[in-house]
Amino acid sequence: MEKKMQIVALAPSRRLLGVPGYGKGRAGQAQFFRHRLGSNEAPDGPSLAVRLAAAEAFADAQHYPDLRGETLTAALAERHGVTADMIAVSAGSIVLLDQLIRAWCDPGDEVVAPWRSYEAYPIIIGVSGASLVEVPLDIDHRLCADKLVWAIGPRCRVVLICNPNNPTSTELPPEAIDELIATIPSHVLVVLDEAYADYAANAQTVAESPRGRLERHPNLVVLRTFSKAWGLAGMRVGYCVAATPIIAAIQSVAPPFPLPGPALAAALATLAEPEIVAARVARNAAERTRMSEGLAEAGLPTAKSAANFVWLPVKDRAEALTKHLSTAAIAVRCFAGEGVRITTGTEADTDALLESAAGWRPS
Ligand SMILES: *Cc1c(COP(=O)(O)O)cnc(C)c1O
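Basis of the calculations
- Residues numbered from 1 in each chain as written.
- Predicted model: local features only at pLDDT ≥ 70, side-chain atom pairs only at ≥ 80, totals over all residues.
- Heavy atoms only, no water.
- Buried < 20%, exposed > 50% of the residue type's maximum accessible area, 1.4 Å probe, protein only.
- Helix = DSSP H or I, 4+ residues; strand = E, 2+ residues; numbered from the N terminus.
- Pairing = 2+ DSSP bridges.
- Contact = heavy atoms within 4.5 Å.
- Polar contact = N/O pair within 3.5 Å; in protein donor to acceptor, adjacent residues only side chain to side chain.
- Axes fitted to C-alpha atoms, helices over the stretch in contact; angles between N-to-C directions.
- Near = heavy atom within 4 Å.
- Areas by Shrake-Rupley, 256 points an atom, 1.4 Å probe, with all protein chains shown as cover.
- 1 Å grid on protein atoms, 1.4 Å probe; cavity = no way out; pocket = protein on both sides within 12 Å on 5 of 7 lines; lining within 4 Å.
- Sits in = over half its atoms within 2 Å of the grid points.
- Salt bridge = Lys/Arg side-chain N within 4 Å of Asp/Glu carboxyl O.

**A short note on the pairing of strand E9 (residues 309-312)**
Burial along E9 is two-sided: the residues Phe309 and Trp311 and Val310 and Leu312 are all buried. Pairing of E9 with strand E12 (residues 339-343) involves four bridges; the strand directions are antiparallel. Across the sheet, residue Val310 finds its bridge partner in E12, namely Ile342.

**What to know about the environment of Asn166**
Tracing the backbone shows Asn166 in the loop between strand E5 (156-162) and helix H6 (174-183). A residue is classified by how much of its surface remains accessible, and Asn166, at 4% relative accessible area, is buried. Along the backbone, Asn166 and Val188 are 22 residues apart, and their C-alpha atoms lie at a distance of 23 Å. Discounting chain neighbours no more than four positions away, the residues touching Asn166 are Asn40, Ser117, Tyr118, Tyr196, Phe309 and Arg341. Among the polar contacts made by the side chain of Asn166, one reaches the side chain of Tyr196 at a distance of 3.5 Å.

**Things to note about the sheet that holds strand E7 (residues 220-225)**
Within a sheet, adjacent strands bond to each other through the backbone by hydrogen bonds, running parallel or antiparallel. Spatial ordering of the open sheet is given by E2-E8-E7-E6-E5-E3-E4, a layout of seven strands whose pairing is mixed. Looking along the sheet, the strands with just one partner apiece sit at the ends: strand E2 (87-90) and strand E4 (131-136). Pairs of neighbouring strands in the sheet enclose a mean axial angle of 20°, with direction left out of account. On top of the sheet, helix H2 (residues 70-80) reaches E2, E7 and strand E8 (238-242); it is set at about 130° to E2, its chief contact. Here helix H8 (residues 203-216) sits on the sheet in contact with strand E6 (189-193), E7 and E8, set at roughly 165° to E7.

**Some remarks on the site of the ligand**
As a matter of local geometry, the ligand sits amid 14 residues, with Asp193, Tyr196, Thr225, Ser227 and Lys228 nearest to it. Thr225 is positioned such that a nitrogen or oxygen atom in its side chain is 2.6 Å from an oxygen atom of the ligand. When the ligand sits alone it has 380 Å² of accessible area, and the protein chains cover 94% of it. Its atoms largely coinciding with the cavity grid, the ligand occupies the largest pocket.

**Overview of the pattern of salt bridges**
Scanning all chains against the criterion turns up 15 salt bridges. Between Glu347 and Arg283 there is a salt bridge, with its nearest N and O atoms 3.1 Å apart. Of the two residues, Glu347 sits in helix H13 (residues 347-358) while Arg283 sits in helix H11 (residues 274-297), which places them 64 residues apart along the sequence. What makes Glu347 partly exposed here is its relative accessible area of 38%.

Quick look at the structure:
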């Protein structure tokens, strides 16, 4: 029998059409930047204890690591006062969000989220075949609870809230978040992305709040990460806290061995050093104040930040400002036509930023 010729181009799923793709507005990798203020990373590296723990774990690299990251899961369960079956870990909290959306949404379903928010959301939602319903922020670049609740229609499966919000840095206070979650129908999954929680509340609240919230709202998932205040972006460690059936659904789409041994060991060792995180948070608060005040003096007012970065809503001047700062070897995140996001760094980073900003003459 003759094989029929098929004239069909090799192409991936149509779901990928129109999906924005990662890394837009990221500073060029090849260019050298003395001041890396584009990715909301911690300005200081891991402690010696964390380095040794990761190195020791690497000596066991011929073996597979924990099937489900059990050692870290147990330590996180203790930290948050929940059972281990209420925690899932993965290589970044963004991977957990992807698993959640895949486990929860079918093509045609809706995910409601405030927008502008984290650039990964439309990609994850788009690839799943669900659609993102964007709810505009208010005039102060904050989530608008009323508008969000109005946007929840019959096809809505998930509400996704980033608090404090990336890239606008603003937060809704804890009581307002609780009130909002209480208004969302209980058959809708509420995902609360708290990547920046450590910068917005005291350490005790950061540790205790997921448990209290989950008791009040069983349809809630809290996403956390070691990438920001815990200083381990390069190790890719994230986790989520939720009711057992939600965790079970995530696990059913998650591949085994989610985290390499050195990443597990580094995260565990970091959990034993809360004072380092506290120092990082304190330093961030000081530099953030200096940065916001200095930028305002230079004619660049920022949104009220509860995170480790500031948001300059400079709209159509975003690209020019980004370019101006890059001439002083400062990398920031540009959102063309919207604004510029600048991470809080060291004292020297703030000095360089303020000096460059003072010389900014918008045309
Ligand atoms: C940085 C960030 C994360 C963390 O992502 P990881 O995959 O854990 O590094 C998650 N959500 C938001 C909004 C972030 O800004």
